[in-house]
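Coordinate analysis (summary)
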Amino acid sequence: MPSISAEPSSAAEPSSAAEQGAMEAALAAALRGPRGANPLVGAVILSPEGEHLATGYHRGAGTAHAEADAISEARRQGIDTSGTTMVVTLEPCNHEGRTGPCAQAIIAAGIAKVVYAVDDPHDPAAGGARTLRAAGVEVHSGLAAGEARDLNREWFEAVAAKRPFVTLHIAQTLDSRIAAVDGTSQWISSPESLADNHGLRELIDAILVGTGTVLIDNPRLTARTPDGELSQLQPLRAVMGLRDVPADAAVRGTDGRFVHLPTRDPAQALGRLFDEGARHVMVEGGSSILSTFLAAGLVDELIIYLAPTLLGSGTAALNDLGITTLADAQHWSWDDAGGGAVRTLGNDLRLHLRSTRAATSKNSVPQKVLHSEAAEYLTGGH
Ligand SMILES: NC(=O)C1=CN([C@@H]2O[C@H](COP(=O)(O)OP(=O)(O)OC[C@H]3O[C@@H](n4cnc5c(N)ncnc54)[C@H](OP(=O)(O)O)[C@@H]3O)[C@@H](O)[C@H]2O)C=CC1
Ligand SMILES: Nc1c(N[C@@H]2O[C@H](COP(=O)(O)O)[C@@H](O)[C@H]2O)[nH]c(=O)[nH]c1=O
């Protein structure tokens, strides 16, 4: 059993072996969710005797939080949650949001004790622990705080910087081309990869491309179902670059969800999208835009659709990261969150990686530890 850390905190007390085991299970469950605007969170409900009664996790923005998911799971099984302990990887939220405050759900479920790993850094959500204590719930924090922070390190960093979480999308050939010499690129990906990409478009708040892509592809950048219908949720469509976006460009659409960002500075573009309310941005391309975000260290997650195709020449996925010596290479780590690090989508491989930018050696253990546990949940072929 991996050992997890307890950080000193005003409320910290020695935790029981059952609580430590539950925290490990909660950390593993959290990895089942997708990265994005919301953090990965897992929760386990323990009986007073330390038995695991129910597990929950967060499936992404707009869906039930992990605590509510675990309570629902207990209800589905007909389990009485009064007098139980909830072990959760993040401080329960206190805000109304789209899903209702978890602190109130915990109080209503009669849960007597809450053990959580790290405080919620997000101002409107913070304060769940205070609300719980005021209602007579015993609350402790700090168990596995290092692991829980590492689980969401990019998200914590984005929240602290007040910028959106950034996913970079690349649909490329085996030889890292995203378009042929004549500019044609539709489609490099398999239909299954395209469907996955449209699923992501529906989850994110904004999608961003450069003016080059607009002028060459005239993309719509909408989220669509496999039969071509518009999906229910649509991202804000953003084009970055100094040139004007043609008046008849498809990306403008007719729904008012288009924004031109007349800048070449990726931080400025993200700042503008943050001000527009975007908390998760997907950068789709082309190569100049992909490169400028990567060079600026502003990418949290990489999703690469790798097609078993060769072009030999054409537009390279990346053109310059400002790296001239191997010692300065960017290193990325495989990410098991949200369905796995490597999946087969039709003829393609879907590669999922996370930044190592903010990782500390002290906190880098749990990804390795959790690999085998997370593997149980994988649905795609590894
Ligand atoms: N397979 C795939 O996944 C994808 C493939 N593509 C393909 O990529 C190709 C387009 O790539 P590319 O030509 O690089 O176009 P980009 O979409 O990357 O746009 C480049 C333009 O963006 C503007 N820009 C804004 N910020 C910067 C910056 N920091 N550095 C440089 N330019 C900036 C510049 O225009 P300005 O003068 O207006 O400032 C520049 O000319 C197309 O063939 C398209 O089909 C595109 C997306 C995805
Ligand atoms: N060629 C290519 C992609 N290209 C991206 O999709 C855009 C077209 O979007 P739309 O007009 O909404 O269908 C295009 O401009 C580029 O950003 N994406 C992929 O997943 N796989 C691919 O092979």
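Residues numbered from 1 in each chain as written. Chains lettered and ligands numbered in written order. Predicted model: local features only at pLDDT ≥ 70, side-chain atom pairs only at ≥ 80, totals over all residues.

1. A word on the site of ligand 2
- Surrounding ligand 2, one finds 18 residues, the nearest of these being A171, I188, S189, D217 and P219.
- Only α7 (191–203), α8 (211–217) and β11 (280–285) provide two or more residues apiece to the shell around ligand 2.
- In terms of residue class, the shell around ligand 2 is made up of eight nonpolar, seven polar and three charged. (Near = placed C-beta within 6 Å. Helix = DSSP H or I, 4+ residues; strand = E, 2+ residues; numbered from the N terminus. Nonpolar A, V, L, I, M, F, W, Y, C, P; charged D, E, K, R; others polar.)

2. A word on the nonpolar core
- Within the largest apolar cluster, 47 residues are counted, with the highest numbers of intra-cluster contacts made by A26, A30, V87, V88, I106 and V114.
- In terms of residues, this core owes the most to one element, helix α1 (residues 17–30), which gives seven residues.
- Among residues more than four places away in sequence, those in contact with A30 are L40, V41, G42, Y57, A66, T89 and L151.
- In this structure, I207, L208, A278 and L290 belong to the second largest nonpolar core, which totals 42 residues. (Core = buried A, V, L, I, M, F, W, Y, C linked by C-beta atoms within 7 Å. Buried ≥ 20, exposed ≤ 12 C-beta atoms within 10 Å, placed from the backbone. Contact = placed C-beta atoms within 7 Å.)

3. Let's talk about the confidence of the model for the protein chain
- Mean pLDDT over the protein chain works out to 90, with 88% of the residues at or above the 70 mark.
- Contacts of residues 8–12 to residues separated by more than four positions or lying in other chains number 11 contacts, the stretch itself having pLDDT below 50.
- Taken together, the stretch residues 360–382 has pLDDT below 50 and engages in 34 contacts with residues farther than four places along the chain or on a different chain.
- Confidence metrics for the complex model read pTM 0.91 and ipTM 0.98. (pLDDT = per-residue confidence, 0-100.)

4. Examining the site of ligand 1
- Taken together, 27 residues sit near ligand 1, with G210, G212, G241, G285 and G286 positioned nearest.
- Counting only elements with at least two residues in the shell around ligand 1, the list comes to β6 (165–172), β7 (177–179), β8 (206–210), α8, β11 and α10 (287–295).
- For the shell around ligand 1, a count of residues per class yields 10 nonpolar, 13 polar and four charged.

5. A few points about unusual backbone geometry
- Of note, the amide linkage connecting Q186 to W187 takes the cis form, showing an omega dihedral of 0 degrees.
- Positionally, W187 belongs in the loop between β7 and α7.
- Along the chain, G285 connects to G286 via a cis peptide bond; the corresponding omega equals -5 degrees.
- Relative to the elements of secondary structure, G286 occurs in the loop between β11 and α10.
- You will see that A144, though not glycine, has its phi angle at about 60 degrees, which is positive.
- A positive phi angle is found at K162, which is not glycine, with a value near 50 degrees.

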